[in-house]
Amino acid sequence: NGKFSTFTNSEGRKIYRLTSGVQVPEEVAEAIDTFSGFHGFPLMATMPKAVEKVQEDGKVNPPKFRSNYGVTAVEQSGKQNIQAIAQFQGQYVNASDLAAFCTKYDDGSECKIAKYVGKNEDHPVGLESMLDTEYITPLGKQQTWVYSYPNFDFCSDLTTFGSNVTGSVVHPYTISISYGSQKIDFCSSSIITRLSDDITKMGTMGVTVMISSGDDGSGGETRQGSNDGKLSPSFPASIPHAIAVGATYWVSGTEGEEQATTQFGSGGGFSYDFPVADYQTDVVAEYLKTVKLPNAKYANGRGSPDVSALGESFTVLVDGSAMPVGGTSASSPSFAALVTLLNEVCLKESGKSLGYANPLFYQNPDMFTDIVKGTNAIGDNEKAGWACTKGWDAATGLGVPNFPKMVAAVQKSCQGRK
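Residues numbered from 1 in each chain as written. Predicted model: local features only at pLDDT ≥ 70, side-chain atom pairs only at ≥ 80, totals over all residues. Heavy atoms only, no water.

Novice: It is not clear to me how helix H4 (residues 127-140) should be interpreted in this structure. Could you clarify?
Specialist: Residues spaced three or four apart along an α-helix face the same direction, because each turn holds 3.6 residues. In this model, H4 (14 residues) spans 20 Å end to end at C-alpha, consistent with the 20 Å of a helix rising 1.5 Å per residue. Counted residue by residue, H4 has 14 buried out of 14 residues, so it is predominantly covered. Directly beyond the C-terminal end of H4, a positive phi value near 60° is found at Lys141. (Helix = DSSP H or I, 4+ residues; strand = E, 2+ residues; numbered from the N terminus. Expected span 1.5 Å × (residues − 1). Buried < 20%, exposed > 50% of the residue type's maximum accessible area, 1.4 Å probe, protein only.)

Novice: So what exactly am I meant to see when it comes to the packing of aromatic side chains here?
Specialist: Aromatic ring pairs are described here by two measures, namely the spacing of the ring centres and the angle between the planes. Evaluation of the coordinates by the stated rule reveals 20 aromatic pairs. In this structure an aromatic cluster arises from ring pairing among Phe65, Tyr69, Phe101, Tyr105, Tyr135 and Phe314. Directly above the aromatic system of Trp145 lies the positively charged group of Lys115, at a separation of 4.4 Å from the ring centroid. (Phe/Tyr/Trp six-rings, centres within 6.5 Å; stacked < 30°, edge-to-face > 60°. Lys NZ or Arg CZ within 6 Å of the ring centre and 35° of its normal.)

Novice: Looking at this structure, I do not really get the state of the cysteines. What am I missing?
Specialist: The term disulfide refers to a covalent linkage connecting the sulfur atoms of a pair of cysteines. In total, this model carries 3 disulfides according to the counting rule given. Disulfide pairing places Cys155 opposite Cys187 at an S-S distance of 2.0 Å. Taking the torsion about the S-S bond as the criterion, the Cys155 to Cys187 disulfide, at about -85°, is left-handed. Of this pair, Cys155 sits in helix H5 (residues 154-166) while Cys187 sits in the loop between strand S6 (174-177) and helix H6 (189-204), and the two are 32 residues apart along the sequence. As far as burial versus exposure is concerned, Cys155 and Cys187 are alike and both buried. One disulfide in the model links Cys346 with Cys414; its S-S distance is 1.9 Å. Given an S-S torsion of about -100°, the disulfide between Cys346 and Cys414 has left-handed geometry. A residue pair is termed long-range when its members are at least 10 positions apart, and Cys346 in helix H8 (residues 328-350) and Cys414 in helix H10 (residues 403-415) qualify at 68 residues. (Disulfide = S-S within 2.5 Å.)

Novice: Can you walk me through the pattern of salt bridges in this structure?
Specialist: A side chain with one charge may pair with a side chain of the opposite charge, provided their charged atoms come close. For the coordinates displayed, the defined rule picks out 11 salt bridges. Residues Arg194 and Asp198 are paired through a salt bridge, measuring 3.5 Å at the closest nitrogen-oxygen approach. Note that Arg194 and Asp198 are positioned in helix H6 at a spacing of 4 residues, about one turn of the helix. Given the relative accessible area of 1%, Asp198 is considered buried. (Salt bridge = Lys/Arg side-chain N within 4 Å of Asp/Glu carboxyl O.)

Here's what the structure looks like:
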């Protein structure tokens, strides 16, 4: 039993939500972990907006991303190695745009989606989904799936996603999610716990989950509203068994040293929901001891991001038109594609995928090029944020990929898994 109320946004769109809780029969209550659906709200104002078709290329495309991080082909394992993205909020993949993008901006290899889990409904704009698929597909060079949730109940859709992955015998080994919120308690505590549990399970299943660290910098002010003087990282990127991916760009030109992105704030900080993860205890303590602390309230929990990659001026093809797009939603699927390649290495060495990779990354910081310039005190959060420093920091994590060193570290680690 429950009572529904009607909510209308500024554009006149109506949704119906439960406002008085949910009552279930006593005899089944103990068996219910989480009730989802009809009590969350859309993740508004986070997706790239529809823009005028300008036919303008960005500075980054798949070949540029590869050359920037020394990415080369890896020896194929001969084993199934699926990669995936999850799309929410009415986003969809346009198959013809994906195919055309790989023909024009990569090596001409066929790019297509092998499987949709859920409906890929044709909405007016699929900019986010095109960004995700146009980079993970050609960079990862493996079969790509799309988990699709066209409804606008983001938090509840996250629990459905978790169940879809953990409940399947055949599943991807690499997943990228480009969605989240830095608004504290945007999702309920039960959903936060449930999704965290599911991503922990995914790690044991051999699945590595990359999640965009957010575009609201230090998170005092967010696209879903103010945190009233508190700094906050993004959920679900703050989940300890996920890999939170921040964003960088070149200091000058289109090569060489990188810094934290200046086009937007690379989301990062310390979680109110999860304690500091064991694999990062030392680096977080060192960072907080050496960095100039922001003049704002912040938590002492799990730190994010874990890693970063380029996240500005990505060429994206939408409805046949090219445009430059930026966000941690560019860095996450691109980094995830590199993990797909690393899974090939691990599968070749041991027959197993990486799965829960966070400890491996933190134990091998030389797999990354440290980012020491920049801050996520950007835009509405320019008065308080987290600076880049030597070592791990709350703007760019461990740094950006050094792919040859990543391959070497994964080979060594996975040889021990035989």
